[in-house]
Each structure stands twice: as structure tokens, then as C-alpha cells.
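A structural walkthrough
Take a look at the letters that make up each chain.
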Amino acid sequence: MSVRGLETPNPGPSPRQASSVEQLRKEGNELFKCGDYEGALVAYTQALGLGATVQDQAVLHRNRAACHLKLEDYKKAETEATKAIEKDGGDVKALYRRSQALEKLGRLDQAVLDLQRCVSLEPKNEVFQEALWSIGGQIQEKVRYMSSTDAKVEQMFKILLDPEEKGTEKKQKASQNLVVLAREDAGAEKIFRSNGVQLLQRLLDTGETDLMLAALRTLVGICSEHQSRTVATLSVLGTRRVVSILGVENQAVSLAACHLLQVIFDALKEGIKKGFRGKEGAIIVDPARELKVLISNLLELLTEVGVSSQGRDNALTLLIKEVPRKSFKDPNNSLTLWVIDQGLKKILEVGGSVQDPPGELTVTANSRMSASILLSKLFDDLKCDAERENFHRLCESYIKSWFEGHGLAGKLRAIRTVSCLLQGPCDAGNRALELSGVMESVIALCASEQEEEQLVAVEALIHAAGKAKRASFITANGVSLLKDLYRRGEKDSIRIRALVGLCKLGSAGGTDFSMKQFAEGSTLKLAKQCRKWLCNDQIDAGTRRWAVEGLAYLTFDADVKEEFVEDKPALKALFQLSRSEERAVLFAVASALVNCTNSYDYEEPDPKMVELAKYAKQHVPEQHPKDKPSFVRARVKKLLAAGVVSAMTCMVRTENPVLTNSCRELLSRVFLALVDDVEDRGTVVAQGGGKSLIPLALEGTDVGQTKAAQALAKLTITSNPEMTFPGERIYEVVRPLVSLLHLNCSGLQNFEALMALTNLAGISERLRQKILKEKAVPMIEGYMFEEHEMIRRAATECMCNLAMSKEVQDLFEAQGNDRLKLLVLYSGEEDELLRRAAAGGLAMLTSMRPSLCSRIPQVTTHWLEILQALLLSPNQELQHRGTVVVLNMMEASRENASTLMESEVLEILSVLAKGDESPVTRAAVACLGKAVEYGLIQPSQDGE
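About the thresholds
- Residues numbered from 1 in each chain as written.
- Predicted model: local features only at pLDDT ≥ 70, side-chain atom pairs only at ≥ 80, totals over all residues.
- Heavy atoms only, no water.
- Helix = DSSP H or I, 4+ residues; strand = E, 2+ residues; numbered from the N terminus.
- Buried < 20%, exposed > 50% of the residue type's maximum accessible area, 1.4 Å probe, protein only.
- Contact = heavy atoms within 4.5 Å.
- UniProt positions renumbered as here; feature names shortened; annotations may be inferred.
- Phe/Tyr/Trp six-rings, centres within 6.5 Å; stacked < 30°, edge-to-face > 60°.
- Lys NZ or Arg CZ within 6 Å of the ring centre and 35° of its normal.
- Core = buried A, V, L, I, M, F, W, Y, C linked by side-chain atoms within 4.5 Å.
- Lys, Arg positive; Asp, Glu negative; His and termini not counted.
- Salt bridge = Lys/Arg side-chain N within 4 Å of Asp/Glu carboxyl O.
- Polar contact = N/O pair within 3.5 Å; in protein donor to acceptor, adjacent residues only side chain to side chain.
- pLDDT = per-residue confidence, 0-100.
- Axes fitted to C-alpha atoms, helices over the stretch in contact; angles between N-to-C directions.
- Left-handed = near helix turned anticlockwise from the far one by under 90°.
- Nonpolar A, V, L, I, M, F, W, Y, C, P; charged D, E, K, R; others polar.

- An unreviewed UniProt entry annotates the protein chain as Protein unc-45 homolog A originating from Otolemur garnettii.

Below you can see the structure in the form of C-alpha cells.
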């Protein structure tokens, strides 16, 4: 008996319902055989709902377990198998399937009990015996490993906690071994059960950097993907203690603590999502409560005096990642609402702080930007007007509390907070600007003689100028003020910010050539000054960032773009700044590059609509002559020569909240523009562009992921994928490519994805399995019916390569489908490339699955004409594929061979066999040889 097959239940005395149960079960079995495991699940579930007998229920539950095993949902597979066993205690298949699920879940001791029961029920079953032997070996290995590590763990802690071993090589090696041991689940479990958390706490209490790092990294292994150990660890160490490590001055220790907290968040959230209770089944009362305690401590840390600036940034980073919903499909935003109520004012306090001179709260150059991003994500996560109104009320209350009654210092802090909001949730920033006296104070402080006061006011003015609601007011009231600050200012820090304000106002028309805000040549002068400041390395990075902000706006003008890409020192300075600690510059750099490469969305206006608009005296946008494709291509080549790919690769690697999803989208757009020309793709790959595109295609906005995926497709089509994406990276490319097959993507994106997947499918079976696992086959089949001939052809070529996989062969062999018919018919189409792809697939399938050969005459009455046309084709590739199909059919059965030899195929093969030595000739000779072997024809007198 095969334990892997799906069982047919013995129907009981059957009313009409029984036939329905039987029918649905058979339907489920067919879907299972075709690889549609989710469809099979639906059928079995429906059958269970029709009042099946106890015996039927047992079979249906174990069939559902088989589906879950295929879908790699081992927890559900265990549950279904258990239900089957409850219905029938001697159900050997259900026992075996539960043992498979338990093995995958790491519960070997329980899996072996089920297997022992299987062997006792069927002692001669070799499958059970082999599985029991294999799992027994795993258990022995685990026991051996655990016992051998007992003494090692004890010895490691002894060395680490020995005060006499301070700073020795022995101590360093012990700490490294502890970290390595914790990376394996068995090792982490051993450390945990050996009183490891308490011992690690002692290491943390030493205050020694090396020991603290070793302890934190070991704790990462203990908590990773293990909810119960995570909660136990928090219970021993104390949540407050773990969070407080973030605030230490040592940057490496703070980052390690940040990583540990990230792992803790992941473990707790996974437990909430799946109802997961830890691998050893420990009972957790409420992991959601632990989450809130963690977040509450992070919020407290934000405004705690004495916390390092790096620690504050790390706390903001964790809040950005963990609080807002990952998807708006999730209706529950309660955590966001709770954080707004409990911690919004704390976040605003960080947003209103300054790096220099340091105040009570120490912050970095990136802290205010991180606070803006967190505020923006919280605001975007709100679902209704009432929630947004509460957000506005809290912000305005905080700003008023500083603006009124705290003198000039309070007004400055209030204005800095408004600037923070304008960079984040700009709706809240605009409302704050409208508060009584705020905008008037900003204008008045611009004229202050104190540099600090001017900086605060000018920055607020700049951020306000970027918002359409305020731009008209500032154009009318602030341009003359900004010009005056720029021309007469004594400090570069003020002049450069005033210049950015002018740049923003000067670019209000965007790419519309007819909407110039300033006189001819003014934007070029502003851009020249921005480039001058950008190249001046005597100015600090924080101030030079503003020069990039200015260029990000001015590069809407094509004249500015042309001058900028010609200025090699400016490009070099731009790329160097993008790699600096000044991470807030990333968005501005990406924006400038998008403008230079014209990778923003632009649609050519309909000529008829243009004429109609002119007739109605409406404004018609005009494209700058230097934004035509030839100019754009030239700019792209200059950027590539200047090293833009290397700079962008460094930007993508940034582990910082400043690399927002919007910033990722901009980088994806630039990458797509850089790989548009086939000649440039080699340069992009050589500078590391391929590996940088993968994370952009997997995370970010929908548009950004699609653009990055399309860039990956272009690289995969024209280069060797194994060189472009070395090692395991090549498998990460599959998912983004499959995402381009969805119907919401354009025809070009569909086509390029199919071409790229064709290349990958031809490389290895593992890649083909990855494509199958991403459920690409149904979509590829759909595109085989596409009207567009290039898409139809690409889909057929892709299916041809996938046909090397057993699962795809099973689909073609399954009864009741037209897959084989489609390939046969396509082999007779006029499109030669489509014929070549279809004939190749047919040759592959008939070679791997001889049973398909006898079905070819059944799928269409024109099959013989199609094969003859292939054999007579002037294209040698088509001839070869046709002769291989004929040979496969003849080798499959004498009946097929007889039908072929009675037709004109015999005469065609005889002619082909006499040709010059080639694969076609050899295949034709083999066909005739098979016919002789069957006795269908006689060899000629000369033995030919």
C-alpha cells in the first residue's frame, strides 16, 4: 500500500448526500494530482459539510492533511491528521502524515511515537521502516549534540564570568563560541535550559563592551522565532532593563540591543498572528500585553535625559517598524491609536530638539527626520476623520503649550516642531502653521540677527514652501525676504537655506517648460550656486545637504539637468554625500537622480486634447526640448560613467528609517531608467546593481516594487542570471518576476517577466521548483492564450522550459485538459518563433512522458498535417523538433508508428535521412530504423 496517495473512502449506504460527498472527494483528488492543493482543500471541506459518514470524515481529514503538507503548513497538517485519528484510531495513513508534520515542526519525540504505531500496524511496510530509521537517527544526533554541549556551555560561562580571564584570547573565543552555539535552535535551547538567561544577565551587568555584545547576540539566538523563550527571557531580564541598553553611549552595544529588540518583537507578533505557543508548547497568557509594555518603554526612552543620541534614533527606528500596520488590509490599527494617545507628545519633543547646541535631549542629525517619518506613518495608519482630528488636536495642543508662555525659546521650539510635522504628516503641519501667530513669527524671525533663530525660521519657511497650500502665500510674501537673506546674509548656513527656499518656489511648475516662476537664467544661476556649495568640503555635511535639496527641485528644469551631469566634481560630491552619516540627504539625492533620468511618470498628451485646450484657452503643459529621449539617454550614460550605480547600491544598503518606501520607489525608478538601454546593463551589473534591485523589488510601495522587478527582468533577459545574481540571490529574483505576471501590470512588464522566467527555468530544476512554488504556472498558461503574439510566444517558451519538471509533466498528462492540444495546434501556427517554442515543448514532453504520444492523434484531426509541416520546414530547428516528436511517437507504440508510416511522413523521413550529417538526419534515420524493427517497412537492398 502506498502511504502517499489519497484514499477513496468506502461509501456507506448512500442517500443522495453520499454521492455528493463521493463526487467532491473525487474532484479533490483530481485537483490534488494536478497540483492545485488549495482547490483540493476547498473540495474536501465542502464534502465534510455534507454530513459524511465517520469513515468518510476520517479519509477527508487525512486528505486535507496531505494538502497542508504540500502547502508546508505543518501545524494545520498535524491538526487534520489528529482529527482523522480521532475518527479512526487505526488509520495508518493519518498516523504517518501526522508524523511527517510533527517532524517538520521539530517535535521528533512525538513523531517517532506515531511511526512506531505505523510499523506495529504494518510491520512489512518499508516506507514506515525507513522513516522510523531516519527519525531515530535524528533523535540520536540531537541527544548526542545536547549531551556534548552540556559541559561546553558550562565551561564557556565559567570562562566569561571569571574576573581573572579579563581581556584574554580564551575569553574572546568563549564568547564567539557561545554566539555560534545560540544560532542553532538546539544550542539555543540548551543554553536556555542551562540557566543561560540568568548567566547572560550577569554578563550584561559587567558593563564590558565585549561581554555585553556576546550576551546580546546570544540572546538573539535564544529569542529568535521562539515566543515562549522570548517571554521567559523578558521575565528574567526585565523589559525595562533590555530597553535601557539601547540608551548606552557605546554605538555597537546600542545596535546589538536594537537587533535583539527587533527579534523579540518578531517573536511576539508571530505568536499573536498564528496563536503560536512556542515549540515546547509553553502557555503564554497574553503576548499582546508584552508588546505594549515594550513599546511603552521605548516611548519613555525617547524623552529620558541621559540616553545617548544613537539610542534615541534606534528607539525611533523600532517604533517605525513595529507600530503601524504592515498592510491596510489588516483592519486593526489599535496599536497606532494607543501610541498616539500615550506617546505622540514624546515623539514631538524629539522632533523639536536640536543637535547643536545640545539641549536636555541629545539627538543626531537624523533624529528629527526619523521623528517626522514616524509621525507620518502613524498619521497614514489612521482610518477615519475622528482619529485624524484627535491627532491634529494633540499636535496643536503641544505646539500651543510651547508657543504661548515660554518666551522666545518656546516659540523656537514650537516652530521646530511645526517643521518636523511639515516634513512628515504635512496636513498636520499646515494646520499648525495656521495657528495664531505662528506664520507671523516665522517671517519675523527670518530677519533676526541671531543665526540660531534665523536657521529655525528659514527652515520652517522652506518646508512650508514645499506645500501647495502655503506656496502661494510664501510666493507673495516670502520671496523678497528669501532673496534678501540669500544676497545679504553673512553666514553660508543661512544663505544656503534661503537658496533652497528660492529653488522650491522656482520649480513650482515642475517639468512644465511653459510654467517658469523666475526670469530666464535665474534657475541656472541658483543651480550653479548649489553645485558650488555642494563641492565645498569645508562646509559641514548637514549644511551641504541643503544644496542637494535645492538641486532636487531645480533639476525639474532640463537646462539645469544638462549642466549638472556635465559637472563631474558636483556628481562626485553628491555621491560621496549619499554615503556619509548625513542620511537625511538620501531622498533629495534620489529625487535629483529621478529628475536627471526623467524616470518620473509622464504621459504624452493626446494631440486632439491639446488642440481642444488651446481652443478653450486653457493651459497646455509643454515638455522642454532637452527632455527628449536622445538627451535623456546621453544623461544616463554620463551618470553611469560617474559611478551612480555604486552610490545607489550604498543607499539601498542603508539600515535607517530615512530610507522610506517613497525613497525606495525613487531609487527603483532610477534603476529602471539605467537598464533601459541594453548596452548599459553590463555596467549596472558590474557595479552591483543586480543585487541592490532585489531588496527594492521585495519591499516598498507597489509602484516601486514593480519598477524594481521590471529592472530585474531586463537584467535577467540579457545577461547570465548566474553571474548577475550569484549564489542564493538568484532564487530571490523569482518572486519579483512572478509579480509582474499579474493582470494589473502592463503588457511590456508581462512580456519581460515571461522572458526572464524562461531564462531562469532553463538553468536548474531547483529554479523551476521555485517558479512552481510561487504559483506562476496558471498565470503563464493564461498568457499562452494572449492575443498579443509576442506575449503568447514568450509564455509558450517559458512553459517549454518548465516542462522539464515532473510537476508540469503531470499537468499535461492529467485527463480532461487541453494543454497538449494547445501545444500541438501552436506547432502549426504561422508565427515561426511560436511554432519553435511549441514544438520544443512537444518534443520535451513526448520524450519524458511516452503516454502523451498516443494522445496526440486524439487532440486534433490536423495533427498529421502539423507534423508534416514541421518536417518540411526550411528551418532546421523546426525540422529537428518535428523529427524528435515523430521518433518519440514511434518509440512509444507500434500503433503510432504504423499510422505515421502509412502517411506521407515515410516519404519525408526517407528524404531527410539522405541529407548531410545533422541532428535532423540522425533522428530521421532512427525513425526509419524503428519502423524496420516493427516490420512496417523493409530496408533497401543496399542495407539503407
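**Description of the overall build of the protein chain**
- Check the secondary structure of the protein chain and you find 54 helices and zero strands.
- Of all 944 residues assigned to the protein chain, the portion counted as buried reaches 53%.
- By sequence separation, contacts in the protein chain at least 24 residues apart represent 68% of the contacts at least 6 residues apart.

**Some points on helix α37 (residues 689–698)**
- Counting buried positions over the ten residues of α37 gives seven, a clear majority of the element.
- Within α37, the full set of buried residues consists of Gly689, Gly690, Ser692, Leu693, Ile694, Leu696 and Ala697.
- Just past α37, the residue glycine 700 takes up positive phi, approximately 135°.

**Some details on the UniProt feature "repeat: TPR" (unreviewed entry) in the protein chain**
- Using the residue numbers shown here, the UniProt feature "repeat: TPR" (unreviewed entry) corresponds to residues 92–125.
- Regarding residues 92–125, the helix share stands at 79% and the strand share at 0%, and the terminal C-alpha atoms are separated by 11 Å.

**A look at the packing of aromatic side chains**
- One pass over the full model with this rule turns up three aromatic pairs.
- Ring centres of phenylalanine 32 and tyrosine 37 lie 5.1 Å apart, and the angle between their planes is 65°; this geometry places the pair in the edge-to-face category.
- The residue whose ring lies beneath lysine 411 is phenylalanine 403, and the NZ or CZ to ring-centre distance is 4.9 Å.
- The lysine or arginine in question, arginine 766, covers the ring of tyrosine 731, its NZ or CZ lying 3.8 Å from the ring centre.

**Quick word on the nonpolar core**
- In terms of nonpolar packing, the biggest core is built from 254 residues, with Phe391, Leu674 and Leu900 touching the most fellow members.
- In terms of residue count, helix α14 (residues 251–274) provides more of this core than any other element does, ten residues in total.
- What leucine 900 contacts, discounting residues up to four positions off in sequence, is Trp863, Leu864, Leu867, Val886, Met889, Met890, Val905 and Leu906.
- Of all hydrophobic cores here, the second largest spans 16 residues; its members include Val92, Ala94, Phe128 and Ala131.

**Some points on the environment of aspartate 601**
- Checked against the element boundaries, aspartate 601 lands in the loop between α31 (586–596) and α32 (607–615).
- Put simply, aspartate 601 and arginine 669 are 68 residues apart on the chain and 9.3 Å apart in space, counted from C-alpha to C-alpha.
- Beyond its immediate chain neighbours, meaning those up to four positions away, aspartate 601 contacts Arg669 and Lys707.

**Description of α31**
- With respect to burial, α31 is a largely interior element, ten of its eleven residues being buried.
- Among the residues of α31, those classed as buried are Leu586, Ala588, Val589, Ala590, Ser591, Ala592, Leu593, Val594, Asn595 and Cys596.
- Tucked inside the fold, the buried residues of α31 contact α28 (541–554), α29 (558–566), α30 (568–578), α33 (629–642), α34 (644–652) and α35 (661–674).
- One or two positions beyond α31, positive phi appears at asparagine 598, with a value near 50°.

**Some remarks on the side chain of aspartate 313**
- With respect to the secondary-structure elements, aspartate 313 resides in helix α16 (residues 309–322).
- Notably, aspartate 313 is buried but unbridged: the nearest opposite-charge side chain belongs to arginine 312, and the N-O separation is 6.8 Å.
- Within the structure, the side chain of aspartate 313 is placed 2.4 Å from the side chain of threonine 364, a separation counted as a polar contact.
- Of the polar contacts made by the side chain of aspartate 313, one reaches the side chain of serine 367; its length is 2.5 Å.

**Observations concerning the confidence of the model for the protein chain**
- In the predicted model, the protein chain carries a mean pLDDT of 83, and 88% of its residues have values of at least 70.
- Element-level pLDDT for the protein chain is lowest in helix α24 (residues 468–477), with a mean of 53, against a maximum mean of 94 in helix α41 (residues 734–739).
- Contacts from residues 274–285, a stretch scored under 50 in pLDDT, to residues over four places away or in other chains number 24 contacts.
- Within the model, pLDDT remains below 50 along residues 509–517, and this stretch shows 22 contacts once partners closer than five positions in the same chain are excluded.

**What about the environment of valine 652?**
- Here valine 652 lies in helix α34.
- Considering only alpha carbons, one finds valine 652 and isoleucine 694, 42 residues apart in sequence, at a separation of 10.0 Å.
- Sequence-distant contacts of valine 652, defined by excluding residues within four places in its chain, comprise Leu659, Leu667, Phe671, Ser692, Pro695 and Leu696.

**What to know about the environment of alanine 923**
- Considering the arrangement of structural elements, one finds alanine 923 in helix α54 (residues 919–934).
- Classification of alanine 923 as buried rests on a relative accessible area of 8%.
- Separated by 38 residues in sequence, alanine 923 and valine 885 have C-alpha atoms that sit 9.6 Å apart.
- Residues within four places of alanine 923 in sequence aside, it is in contact with Thr883 and Leu887.

**Thoughts on the pattern of salt bridges**
- Considering all chains together, one arrives at 50 salt bridges under this definition.
- A salt bridge links aspartate 91 to arginine 62, with the nearest nitrogen and oxygen atoms 2.1 Å apart. Placement of aspartate 91 in the loop between α4 (74–87) and α5 (92–104) and of arginine 62 in helix α3 (residues 54–70) is noted, with a sequence separation of 29 residues between them.
- Classification of aspartate 91 by relative accessible area gives buried; the value is 3%.
- Classification of arginine 62 as buried rests on a relative accessible area of 5%.
- Measuring nitrogen to oxygen at the nearest pair gives 2.1 Å for the salt bridge that ties arginine 240 to glutamate 304. Taken together, the positions of arginine 240 in helix α13 (residues 239–244) and glutamate 304 in the loop between α15 (287–302) and α16 put the pair 64 residues apart, joining distant regions of the chain.

**Thoughts on unusual backbone geometry**
- Here the phi dihedral of glutamate 72 falls at roughly 65°; this positive angle occurs in a residue that is not glycine.
- Locating glutamate 72 in the fold gives a position in the loop between α3 and α4.
- A residue is classified by how much of its surface remains accessible, and glutamate 72, at 42% relative accessible area, is partly exposed.
- Here the phi dihedral of lysine 775 falls at roughly 60°; this positive angle occurs in a residue that is not glycine.
- Within the secondary structure layout, lysine 775 lies in the loop between α43 (765–773) and α44 (777–783).

**With respect to the packing of helix α9 (residues 185–193) against helix α12 (residues 227–237)**
- Their axes nearest at 12 Å, the elements α9 and α12 cross at an angle of 35°. In the crossing of α9 with α12, the sense of the turn from one axis to the other is left-handed. In this structure, α9 uses Asp185, Ala188, Glu189 and Phe192 to contact α12, whose residues at the interface are Arg229, Ala232 and Thr233.
- A per-class count over the contact of α9 with α12 returns three nonpolar, one polar and three charged.

**Let's talk about the side chain of glutamine 749**
- Relative to the elements of secondary structure, glutamine 749 occurs in helix α42 (residues 747–761).
- Note on glutamine 749: relative accessible area 11%, which makes it buried.
- Beyond its immediate stretch of four places on either side in the chain, glutamine 749 contacts Thr706, Gln710 and Leu740.

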